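Working through the structure, step by step
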Amino acid sequence: MTNKEKYKQAFSVLRPSEEFSLEVNTMKKTRNHRPLSVVAASFAACIILLGSAATAYAADVGGIQRKVQLWLHGDQTQAVIEFDGSGNYEMEYTDGEGNVKQQGGGGVAYDGHGRERPLTEEELLELLSDPEVQYRDDGTVWVYWFDQKIEITDKFEDGVCYVKLDNGEKTLYMTVKYQNGYATDTKKFVSPWEFN
């Protein structure tokens, strides 16, 4: 007789107790109910996840909004800016007289290969911090940059004006053509024939 047959014969007379078999049956019943509760919990988690994703999507439909402090017309102003992700923005702010104003804009940049791409949010915010030239109804011309308000009406010669701007951190050399744009540089005045 082989070892296997000897073990079989020795243990064949042994029978499990009733308590043991009852415990095995109880475990089988419990095990059958667990997957149902796991499935229900998984289903609930999926619904919560999908619900929160739909809420996040719905909140982002209009683009990304930010509240920022920036300098407009020489005054520090709080504005709400909405970026659409395509290089454009819309801004709403209250001016010094309490009027709600809206402004929008955007732009593109070119990479090293000449391909056009939309401006990023950071580039748009930097664009909003550029100097502004304003031609008023009374005939005066003003330059606004951060907290500076400079009247340049009498500084034009042959339709061109040169203004050095300094805010303590940055210096800009600005060339203004009367009602025909302006250019800035951090090192020198731009020649009038180099732009527009």
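All of the points below concern the structure found in this document. (Residues numbered from 1 in each chain as written. Predicted model: local features only at pLDDT ≥ 70, side-chain atom pairs only at ≥ 80, totals over all residues. Heavy atoms only, no water.)

This part takes up the overall build of the protein chain. In terms of regular secondary structure, the protein chain is built from three helices and 12 strands. By residue count, 23% of the 196 residues in the protein chain fall in the buried class. At a minimum sequence separation of 6, the contacts of the protein chain that also span at least 24 residues come to 24%. (Helix = DSSP H or I, 4+ residues; strand = E, 2+ residues; numbered from the N terminus. Buried < 20%, exposed > 50% of the residue type's maximum accessible area, 1.4 Å probe, protein only. Contact = heavy atoms within 4.5 Å.)

What follows concerns the sheet that holds strand β7 (residues 132-135). Taken in spatial order, the three strands line up as β7-β8-β9 in an open sheet, and their pairing is antiparallel. Two strands lie at the open edges of the sheet, namely β7 and β9 (148-151), each paired on one side alone. Pairwise comparison of adjacent strand axes, ignoring direction, gives a mean angle of 25° for this sheet. Looking at chain direction, strand β8 (residues 141-145) and β9 are connected through four bridges and run antiparallel. From the neighbouring strand, Y144 faces β9, where its bridge partner is K149. (Pairing = 2+ DSSP bridges. Axes fitted to C-alpha atoms, helices over the stretch in contact; angles between N-to-C directions.)

Here the focus is the pattern of salt bridges. Side chains that differ in charge, positive against negative, can pair when their charged atoms come close. Counting across every chain of the model gives two salt bridges. Note that R115 and D111 form a salt bridge whose closest N and O atoms lie 3.0 Å from each other. Judged by relative accessible area, which is 30%, D111 ranks as partly exposed. Two residues, E123 and R117, come together in a salt bridge whose shortest N-O distance is 2.7 Å. (Salt bridge = Lys/Arg side-chain N within 4 Å of Asp/Glu carboxyl O.)

Below, the discussion takes up the sheet that holds strand β10 (residues 160-166). Across the sheet, three strands lie side by side as β10-β11-β12; this open sheet has antiparallel pairing. Each edge of the open sheet is held by one strand with a lone partner, namely β10 and β12 (182-185). Each strand of the sheet is rotated relative to its neighbour by a mean of 20°, with strand direction disregarded.

With that settled, consider the side chain of D95. Its place among the elements puts D95 in the loop between β3 (88-94) and β4 (100-106). Buried charge without a salt bridge: D95, with K101 as the nearest opposite-charge side chain at an N-O distance of 4.1 Å. At 3.0 Å, the side chain of D95 forms a polar contact with the backbone nitrogen of E97. (Lys, Arg positive; Asp, Glu negative; His and termini not counted. Polar contact = N/O pair within 3.5 Å; in protein donor to acceptor, adjacent residues only side chain to side chain.)

This next bit is on the pairing of β12. Note: strand β11 (residues 171-177) against β12, four bridges, orientation antiparallel. Opposite M174, over in β12, you have T184 as the bridge partner. Joining the antiparallel neighbours β11 and β12 is a turn of four residues, in which Q179 adopts a positive phi near 50°.

Right, let's talk about unusual backbone geometry for a bit. Within the chain, F146 stands out as a residue other than glycine whose phi angle is a positive 50°. Along the chain, F146 falls in the loop between β8 and β9. The exposure class assigned to F146 is partly exposed, which follows from its relative accessible area of 26%. Even without glycine at this site, Q179 takes up a positive phi of about 50°. Along the polypeptide, Q179 turns up in the loop between β11 and β12.

The topology assignment puts G87 in the loop between β2 (75-83) and β3. The spacing of G87 and V108 is 21 residues in sequence and 6.5 Å in space, taken between C-alpha atoms. Among all residues touching G87, those that are not within four sequence positions of it are G105, G106, G107, P118, L119 and L124.

Next up on the list: the environment of M91. Following the sequence through the fold, M91 ends up in strand β3. The class of M91 is buried, set by a relative accessible area of 2%. For the pair M91 and V80, spaced 11 residues apart in sequence, the C-alpha to C-alpha distance is 5.6 Å. M91 has contacts with L70, L72, A79, V80, I81, K101, Q102, Q103 and L128, leaving out every residue within four places of it along the chain.

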